[in-house]
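As a plain string of letters, each chain reads:
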Amino acid sequence: MKPPRFGYCAPGMLDEALALLEQHGEDAKILAGGQSLIPLLNMRLAGPAYIIDINHISELNYIEAEEGYLAVGATVRHRQVERSSLVKEKHPLLVEVVQHIGHMQIRNRGTIVGSIAHADPAAELPALLTCLVGEVVAQSIHGERVIKAGEFFTGYLSTSLNPEEMLTEVRFPWITPQSGWAFMELARRSGDYALVGAVAVLTPTLDDHCMSAHVAYLGISGNPVRAREVEDSIIGTTLDEQTLEHAAEIARTFVSDDMEDVHATVDYRRALTAEITKRVVRAAWARRKAMK
Ligand SMILES: Cc1cc2nc3c(=O)[nH]c(=O)nc-3n(C[C@H](O)[C@H](O)[C@H](O)COP(=O)(O)OP(=O)(O)OC[C@H]3O[C@@H](n4cnc5c(N)ncnc54)[C@H](O)[C@@H]3O)c2cc1C
């Protein structure tokens, strides 16, 4: 199928893009890498009157180490992050997660910020941002607001972004050097969207108990999910097998009753969620460094 007719603009400056968004509001869509938007247009599941192509706005193409977080601008492709020596050195979990997104061809075009803006609950990056309690920067001609991940994702393909706003940056908080981290997903074939995925970041105490835990999931609900009860069941323990079994049982309860589709029943997703919880937590804990 071919997309419905639309007006096309490709501004070279952020201010121009924001002015166009102010003018067209709900009738406009931002085009970044096009890896989700173009299929939606072709299938006629989206029909914006205007497309604002941000690919020529060079001021949005940056990856920067800031105090407290890694900042990624709105036109940075997945592949740029995957190959960046800065990210490899300072945020290896982000590289690990990005490598699970689709295929290399998709990652050559798709953007980090586009994946966040698209807000697919089966996508990897929204779950990572939720796990790390990261933030996005939204801009309009009226100014800028910084939105925490927990307030940004509001449901299936939905966010708290206003029609006249666009995302200019995503912020991934640093992980302390002592923390162990892991990302895993279960998919039928490599490159497919995952049936279920999980990310964990665990920090040990001086006497090697779990001091803090962040555990989040993709593919188990209409939103990326941070599972506080799973985290609470791990904190203060030494992560023995009994603790992992208990955490896995709790994790099952986070799978929404409506997560049934042609790929998996709810029961199957619950079983996968329990199993992946044990695996991801075990792997994250194994990667921790002893506190000195
Ligand atoms: C075969 C295939 C396999 C895939 N597999 C995966 C996968 O395993 N995991 C995964 O996460 N994704 C997967 N995807 C989806 C895709 O990779 C991402 O959703 C995509 O890369 C999003 O980034 P983009 O730059 O292409 O966004 P676009 O397609 O350009 O835009 C997506 C949406 O976000 C909005 N948007 C983009 N940028 C901004 C911005 N700066 N401000 C506001 N709104 C914005 C657009 O208006 C649109 O609504 C797959 C896609 C294909 C075609």
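So, how was this worked out
- Residues numbered from 1 in each chain as written.
- Predicted model: local features only at pLDDT ≥ 70, side-chain atom pairs only at ≥ 80, totals over all residues.
- Heavy atoms only, no water.
- Helix = DSSP H or I, 4+ residues; strand = E, 2+ residues; numbered from the N terminus.
- Buried < 20%, exposed > 50% of the residue type's maximum accessible area, 1.4 Å probe, protein only.
- Contact = heavy atoms within 4.5 Å.
- Arc of directions from axis to C-beta.
- Pairing = 2+ DSSP bridges.
- Axes fitted to C-alpha atoms, helices over the stretch in contact; angles between N-to-C directions.
- Salt bridge = Lys/Arg side-chain N within 4 Å of Asp/Glu carboxyl O.
- Core = buried A, V, L, I, M, F, W, Y, C linked by side-chain atoms within 4.5 Å.
- Domains from an automatic or database assignment.
- Near = heavy atom within 4 Å.
- Polar contact = N/O pair within 3.5 Å; in protein donor to acceptor, adjacent residues only side chain to side chain.
- Nonpolar A, V, L, I, M, F, W, Y, C, P; charged D, E, K, R; others polar.

A.B. asks: Just checking my understanding: could you explain the side chain of Thr-111 for this structure?
C.D. replies: Note that Thr-111 resides in the loop between helix H6 (104–109) and helix H7 (112–118). According to the relative accessible area criterion, Thr-111 is buried, its value standing at 3%. Once residues lying within four places of it in the same chain are set aside, the contact partners of Thr-111 are Ala-32, Gly-33, Ala-74, Thr-75, Val-76, Arg-77 and His-78.

A.B. asks: Explanation requested: helix H1 (residues 14–24) in the structure shown.
C.D. replies: Residues that lie three or four places apart on an α-helix share one face, since the helix turns once every 3.6 residues. Turning to H1, its buried residues are Leu-14, Ala-17, Leu-18, Leu-20, Leu-21 and His-24. Across the axial projection of H1, the buried residues extend over an arc of 160 degrees, all falling on one side. In H1, the exposed residues that point more than 90 degrees away from the buried face are Asp-15 and Gln-23. Buried residues along H1 sit in contact with strand S1 (7–9), strand S2 (28–31), strand S3 (50–53), strand S6 (135–140) and strand S10 (166–173). Looking one or two residues past H1, Gly-25 carries a phi angle of roughly 45 degrees, positive in sign.

A.B. asks: Any chance you could explain the sheet that holds strand S13 (residues 210–218) here in plain terms?
C.D. replies: Strands belonging to one sheet form pairs held by backbone hydrogen bonds; the direction of such a pair is parallel or antiparallel. The strand order across the open sheet formed by four strands is S11-S12-S13-S14, and the pairing between neighbours is antiparallel. Every interior strand has two partners, whereas the edge strands, strand S11 (180–186) and strand S14 (225–226), have only one. Pairing of S13 with S14 involves two bridges; the strand directions are antiparallel. Opposite Tyr-217, over in S14, you have Val-225 as the bridge partner. Running at roughly 155 degrees to S13, helix H8 (residues 124–132) makes contact with S11, strand S12 (196–204), S13 and S14 of the sheet.

A.B. asks: I would appreciate a short explanation of the pattern of salt bridges in the present structure.
C.D. replies: Note on pairing: side chains with opposite charge can pair once their charged atoms come close. Throughout the structure, instances matching the rule amount to 16 salt bridges. We note a salt bridge from Glu-135 to Arg-171, for which the minimum N-O separation is 3.8 Å. Taken together, the positions of Glu-135 in strand S6 and Arg-171 in strand S10 put the pair 36 residues apart, joining distant regions of the chain. Both residues of the pair, Glu-135 and Arg-171, count as buried. One salt bridge in this structure joins Arg-252 and Glu-249, with 3.3 Å as the shortest N-O distance. With Arg-252 and Glu-249 both in helix H11 (residues 241–252) and three residues apart, this pair spans about one turn of that helix. Judged by relative accessible area, Arg-252 falls into the partly exposed class, the value being 30%.

A.B. asks: Teacher, can you tell me more about the nonpolar core here?
C.D. replies: Generally speaking, soluble globular proteins have nonpolar side chains that are buried together. Residues Leu-93, Leu-94, Ile-116, Leu-125, Leu-128, Val-170 and Phe-172 are the most contacted members of the largest nonpolar core, which totals 52 residues. Among the elements that make up this core, the one with the highest residue count is H8 (six residues). Apart from residues lying up to four places away in sequence, Phe-172 is in contact with Tyr-69, Leu-70, Val-72, His-91, Leu-94, Ile-112, Leu-125, Leu-128, Leu-129 and Leu-132. Ala-213, Met-259, Leu-272 and Val-280 belong to the second-largest nonpolar core, a separate cluster that totals 30 residues.

A.B. asks: Looking at this model, I keep getting lost on the domain arrangement of the protein chain. Mind explaining?
C.D. replies: When the parts of a complex come together, some accessible area is lost, and that lost area is often taken as the interface size. Domain annotation of the protein chain identifies domain 1 (7–53), domain 2 (58–173) and domain 3 (180–286). On a C-alpha basis, the centroid separation for the pair domain 1 and domain 3 is 36 Å.

A.B. asks: Help me out: how do you make sense of the site of the ligand in this one?
C.D. replies: Near the ligand you find 29 residues, and of these Ile-30, Gly-33, Ser-36, Leu-37 and Thr-111 are the closest. Within the backbone of Gly-102, an N or O atom sits 3.0 Å from an oxygen atom of the ligand. Take Leu-167: an N or O atom from its main chain is 2.9 Å from a nitrogen atom of the ligand. When contributions to the shell around the ligand are tallied by element, the ones reaching two or more residues are S2, H7 and S10. The biggest single contributor to the shell around the ligand is H7, with five residues. Looking at side-chain class alone, the shell around the ligand contains 15 nonpolar, twelve polar and two charged residues. Here the shell around the ligand gathers at least three residues from each of two domains, domain 1 (7–53) and domain 2 (58–173).

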